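Notes for the structure review
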Amino acid sequence: MYEERPALLDGAVLWTRTAGSAVRGARSAPSVLPDGCMDLIWADGHLLVAGPDTRAYVPGETAARFAGIRFAPGDAPAFLGVPAHELRDRRVALGALWGEARARRLGERVTEAPDPAATLDALVLRRAADGPAPDPLIRAVAARLAAGRPVAETADAVGIGARQLHRRSLDAFGYGPKTLARVLRLQRALALVRAGVPYAEVALRSGCADQAHLARETRALAGTTLGAYARSVAASANSETSEPSGSSTTA
């Protein structure tokens, strides 16, 4: 069963999944779709990082329990100490970034805790407090693009040129602002699909030219069709509600 809630770290989300259900990294999971975010994940005792996706990610690892921190777009690189573009479309063991011994100690601390998810949440908050604060310019860029504002207008609004915006976006988001805008537009569209909005209206409200444009973007970024996505959401909802009442929603 999957559950998420606001993390202790501002703008982040704490999520958990148990009983081998779908998440980044589970073999039987459905594809993970681009969302502009990066995650720090605890999976059965191991810590790994999910970098920013430009296409649907098909999980290929098996674990029974997961807990993760999904950082707000642009926040993870400062926390991890690695430019986002170095992790684009990758899943990397935390030990490759922070050293095996350190990552192992942190993983053991989370694993041995009565509540691994809460412990991961607290560890992230403490480390973030010792690092740089989120870049307000990067947060403003993400907010404007999430709201559907054009890239050129966004660059003007934050007071930097197009080339500088592209360079800073690569470091913060893992890709340029045009790709981030497409990813965030897709997420707006999928949220409307989950709410049951008709596809033609979804296209207009999310910022696509028309339904055909939305269909192309969904296929390119998510590797699926709108209809298939809607069916997968319905199937997932049915699966979650059919979990035994004693199933834990936290790792």
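Everything here concerns the structure above.
Read on for a plain summary of the structure. Computed from a predicted model, the values in this text were never measured in an experiment.

Further remarks concern the nonpolar core. In terms of nonpolar packing, the biggest core is built from 29 residues, with L80, L94 and L120 touching the most fellow members. Counting only elements with at least two residues in this core, the list comes to β3 (39-43), β4 (46-50), β5 (66-70), α1 (76-80), α3 (100-112) and α4 (116-129). When residues of this core are assigned to their parent elements, the largest contribution, five residues, is made by α4. In this structure L94 touches L40, L47, L48, V49, L80, G99, A103 and L106, once residues within four positions along its chain are discounted. Grouped together as the second largest cluster of nonpolar side chains are 16 residues, L137, I160, A172 and Y175 included.

Direction of pairing for strand β1 (residues 2-6) relative to strand β2 (residues 13-17): antiparallel, over a ladder of five bridges. Paired with E3 across the bridge in β2 is T16. Taking the residues between adjacent antiparallel strands as the criterion, β1 and β2 are bridged by six residues, where G11 takes a positive phi near 85°.

The subject of this paragraph is the pairing of β5. A large share of β5 lies buried, amounting to five of its five residues. Burial along β5 is two-sided: F66, G68 and R70 facing one way and A67 and I69 facing the other are all buried. Pairing analysis gives five bridges linking β2 to β5, with the strands arranged antiparallel. Paired with W15 across the two strands is G68, which belongs to β5. The pairing of β3 with β5 spans five bridges and is antiparallel. In the strand pairing of β5, A43 is matched with F66.

On to the pattern of salt bridges. It is possible for side chains of opposite charge to pair when their charged atoms get near one another. Applying the stated rule across the entire model yields 13 salt bridges. Residues R70 and E4 are paired through a salt bridge, measuring 3.5 Å at the closest nitrogen-oxygen approach. Here the residue R70 occupies a position in strand β5, and E4 occupies one in strand β1, the gap between them amounting to 66 residues. According to the relative accessible area criterion, R70 is buried, its value standing at 16%. Its relative accessible area of 43% is what places E4 among the partly exposed residues.

What counts and what doesn't
- Residues numbered from 1 in each chain as written.
- Predicted model: local features only at pLDDT ≥ 70, side-chain atom pairs only at ≥ 80, totals over all residues.
- Heavy atoms only, no water.
- Core = buried A, V, L, I, M, F, W, Y, C linked by side-chain atoms within 4.5 Å.
- Buried < 20%, exposed > 50% of the residue type's maximum accessible area, 1.4 Å probe, protein only.
- Helix = DSSP H or I, 4+ residues; strand = E, 2+ residues; numbered from the N terminus.
- Contact = heavy atoms within 4.5 Å.
- Pairing = 2+ DSSP bridges.
- Salt bridge = Lys/Arg side-chain N within 4 Å of Asp/Glu carboxyl O.

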